[in-house]
Amino acid sequence: MDKTKNIVLATCLLATAATTAGNGTVTNCPGLTDDPAAVAGKDSVINFSKAGYANSLDTDLGRAMELNADFSKNLGKIKPLHGVNNSPITYGEALPEFTEAGIPFMRTHDSAGAFGGARFIDVSNIFPDMDADENSPASYDFAFTDAYIKGIIASGTKIFYRLGVTIENRHKLKAYHINPPKDNAKYARICEKIISHYNEGWANGFEYNIEYWEIWNEPENPNMWTGSMEQFFEFYRVVANHLKNKFPHLKIGGYAGCGFYGMNRRNSSEFTRSFATWFDEFLKFITDKKTAAPLDFYSWHLYTTDPMEIIMHAEYVDKKLKTAGLKDCENIFNEWNYIDFRNENRWEDMKGMLGASFVGAAFVLMQHSPIDKAMYYDALPTRAYCGLYEFPSKRTTKTFAVFKAFNELYQLGTLIDTAPNPEKDLFILAAKNADGSKGKMLIVNRRITGVVLKFELKGMQKAVSARRIDSARTLEPGNIIQSNGAIVAAPQSVIIIDVE
C-alpha cells in the first residue's frame, strides 16, 4: 500500500483579511495561531499585532508551494555544519547552551579578544619568548588555554585548533605577532609541543585527541601576515611536513583563506581578486614534488547575505582541489555569517530573524554541497560578529535557536531525500533515526511574506508536532498543527516538524 500522505501546511486563504480595512485583524483561520482562545473557537478574531500570530497581511496564500520529503530514501549522514568559532569563556565550566545545541566543533581563532586576550590559544601567547628553549616545559604558558579548552571539552564540543595568531587590525601602528617567524623549523617544533600537550599529556597536559590542526589564518590579509605569499608558502611547507611526520594520524591543513569574492561580485578590488591567485599558487606549490606539503583539509571564509553564494564558492573550492589531485582533501568552511558590510544594522540583523533564516537556509544548502564541515563566526559574546548571544546579558538569540533546531536533525543522523525546491527563499531539510521510526523536517522561509506549503510525505505516517522560530516565538511548543494539518510559515521563519 502506498503510504504517501498529502500534508497541507495552511489551507486558509485569508481573503477575509481585507474586510477589516487593514487594522491587523482577521477572522480566525486554523493553523495561524496557537492562542488557546482562538483554537477553542472562543475568539473569532485574530489580532496579528499580538505575539504568537503570523502576519496575515504579509502572507502569500494565493497558491500552495509544493515540497517533498521521502523518508524511504537515505542520502547518507547529516554533516556537522553547526560548528562555531569561539565561545563565552568559562575557565573550565561546561556551557549548557553548547551542549543543548550539540555544537560539534569550536574553532580557536581570534579567541578571547585582541591579541588572543594576551593569554589564550595563540602560539605567541603560549610560547611568549621565541628565543626560549622549545623543549623545556618552562618555556610554555598553557594556564589560560588549558582552562578555556577544558570548558569546551566538558560541553561535549570538539576543538578545531588554529595554530597561529589573532588578527591585528591596527598592525600599521605596530605589528606584534603577524610577521613571518624568524625560524620556521623552530616554530614547527613549538607547534609539535602544543599538540603533545593537548593530545599526549606532555608538560602536565591532556589526552584530548584533538584531530584538526589548522596552520595560520588568512595570510592574504595584511592584518594577519606581513610577509610575502612565497614566505607564507614556505612557512606552511615546513610546519605542515613536520607536524604530519610527527602525528600522521592527525588532520593537518590550512590556511583559512579569505574567500573568493572576486569570482562573482561586481567591482571587486584587486585585493579581493588576489585571494584566488593565492589559492591557485598554493595548490601548485604543495603539489610540486620539490615543495610538497600535506593538506588534509583546506579551509576558507565568506561573509554574505546570500546562502547561494556559499554554495557557489564551495563548488569552486571543490573543483580546484580535485583538479589539483587533492580529491581526499576536506572542504572546510570555517568563517561565515549573515553580513552585508554596507548595512549599518548588520550587527543587530545577524541576531534576529534575518540572520536566523539565513543560517537555516545555509544549513539546508550546505548539506547538499561539497562542504564537509562548517564553523560560524562568531560565538564570543563581546564580539560584534557574535550572532549567537546578546551582550552583556549573554541571552541566546533567534540565530542560536536555529543551531539548536538543526542539531535535532543532526542527532537523528540519517539524511533523507527531499526533492529540489524551485521556489526562491524556501528550503527544506529532513532526517530520520537509525531504525526509521522517527523523523524531523526543517523548513525555512526567508521571504518577507508568509507562505502556504504543501508537500508529499513518504515513508512516514504523519506530522505529530511542530515548533517555530519567528519574530514572536523561539522554539516553544504550541498547538501549531491543527486537526486539518494546517500551518502557515510566517515571514522569515524556521519551522521544525516531528514526524512518525
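Placed above this text is the structure.
This report concerns the structure included in the present document. Positions within a chain are numbered from 1, following the residues in the order the chain's sequence is written. Side-chain atom pairs in this predicted model are given and counted only at pLDDT of 80 or more, local residue features only at pLDDT of at least 70, and totals for whole chains, interfaces and linings cover all residues. Hydrogens and water molecules were not included; the side-chain quantities draw on all heavy atoms of the structure.

A few points about the packing of helix α10 (residues 353-367) against helix α11 (residues 398-412)
Put simply, the rule is: Note on method: axes are straight lines fitted to C-alpha atoms, helices fitted across the in-contact stretch only, with angles between N-to-C directions ranging 0 to 180 degrees. Put simply, DSSP H or I for four residues or longer makes a helix, DSSP E for two residues or longer makes a strand, and each gets a number counted from the N terminus. Here the angle decides the label: under 35 degrees means roughly parallel, over 145 means roughly antiparallel, 65 to 115 means roughly perpendicular, and every other value means oblique. Should the near helix be turned anticlockwise from the far one by less than a right angle, the crossing is left-handed, and should it be turned clockwise, the crossing is right-handed. When checking whether two residues touch, look at their non-hydrogen atoms; a contact exists if any pair is within 4.5 Å. Ten residue types, Ala, Val, Leu, Ile, Met, Phe, Trp, Tyr, Cys and Pro, are classed as nonpolar, four, Asp, Glu, Lys and Arg, as charged, and the remainder, Gly among them, as polar.
Following both chains from N to C, one finds α10 and α11 inclined at 25°, their axes separated by 7 Å at the closest point. Taken together, the axes of α10 and α11 are roughly parallel relative to one another. Between α10 and α11 the crossing geometry is right-handed. Contact residues: Met 353, Gly 355, Ala 356, Val 359, Gly 360, Phe 363 and Gln 367 in α10; Lys 398, Thr 399, Val 402, Phe 403 and Phe 406 in α11. Split by residue class, the contact of α10 with α11 holds seven nonpolar, four polar and one charged.

A short note on the environment of Phe 120
To keep it simple, the criterion reads: For the exposure calls, accessible area comes from a 1.4 Å probe over protein chains only, and a residue counts as buried if that area is under 20% of its type's maximum, exposed if over 50%, partly exposed in between.
Relative to the assigned elements, Phe 120 resides in the loop between β6 (105-107) and α3 (123-126). Take Phe 120: its relative accessible area is 5%, and that puts it in the buried class. Sequence-wise, Phe 120 and Tyr 148 are 28 residues apart; in three dimensions their C-alpha atoms are separated by 7.9 Å. Setting aside chain neighbours within four positions, we find Phe 120 in contact with Ile 89, Tyr 91, Ala 112, Asn 125, Phe 144, Thr 145 and Tyr 148.

Observations concerning the sheet that holds strand β11 (residues 330-338)
Put simply, the test is: Strand pairing requires that DSSP identify at least two bridges connecting the strands.
Spatially, eight strands are ordered β5-β6-β7-β8-β9-β10-β11-β12 in a closed barrel, and the strand pairing comes out parallel. Ignoring which end each strand starts from, the neighbouring axes of this sheet average 30° apart. Across the sheet, helix α4 (residues 143-154) is in contact with β6 and β7 (158-163); its angle to β7 comes to roughly 145°. Seen against the sheet, helix α8 (residues 307-323) touches β10 (297-304) and β11 and runs at an angle of roughly 155° to β10.

Regarding the side chain of Arg 467
Defined as follows: In the analysis that follows, any N or O atom pair within 3.5 Å is treated as a polar contact, provided that within protein one partner can donate a hydrogen and the other can accept it, and provided that, for residues neighboring in sequence, both atoms belong to side chains.
With respect to the element layout, Arg 467 can be found in strand β17 (residues 463-469). Engagement of the side chain of Arg 467 in a polar contact is seen with the side chain of Glu 408, the distance being 2.8 Å. For Arg 467, the side chain forms a polar contact with the side chain of Asp 498, separated by 3.4 Å.

As for the nonpolar core
To be explicit about the condition: Side-chain atoms within 4.5 Å link the members of a nonpolar core, which is a set of buried Ala, Val, Leu, Ile, Met, Phe, Trp, Tyr and Cys residues.
The biggest cluster of nonpolar side chains holds 115 residues, and the ones touching the most others in it are Tyr 161, Trp 336 and Met 366. A per-element tally of this core places α10 first, with ten residues. Ignoring anything within four residues of it in the chain, the contact list for Met 366 reads Lys 79, Leu 81, Ile 310, Ile 311, Phe 333, Trp 336, Ile 371 and Ala 374. Counting 21 residues, the second-largest nonpolar core is a separate cluster that includes Ala 430, Met 441, Leu 453 and Val 499.

Focus: α4
Side chains three or four residues apart in an α-helix point the same way, a direct result of the helix having 3.6 residues per turn. Just so we agree on the cut-off: What a helix is expected to span follows from its residue count: subtract one and scale by 1.5 Å.
Relative to the 16 Å expected for twelve residues at 1.5 Å per residue, α4 spans 17 Å between its end C-alpha atoms, a close match to the ideal helical length. For α4, every residue scored as buried is listed here: Thr 145, Asp 146, Ala 147, Tyr 148, Ile 149, Gly 151 and Ile 152. Buried residues along α4 sit against β6, α3, β7 and α5 (184-200). Of the residues trailing α4, Gly 156 is marked for its positive phi of about 85°.

That's the geometry; what it means functionally is another story.
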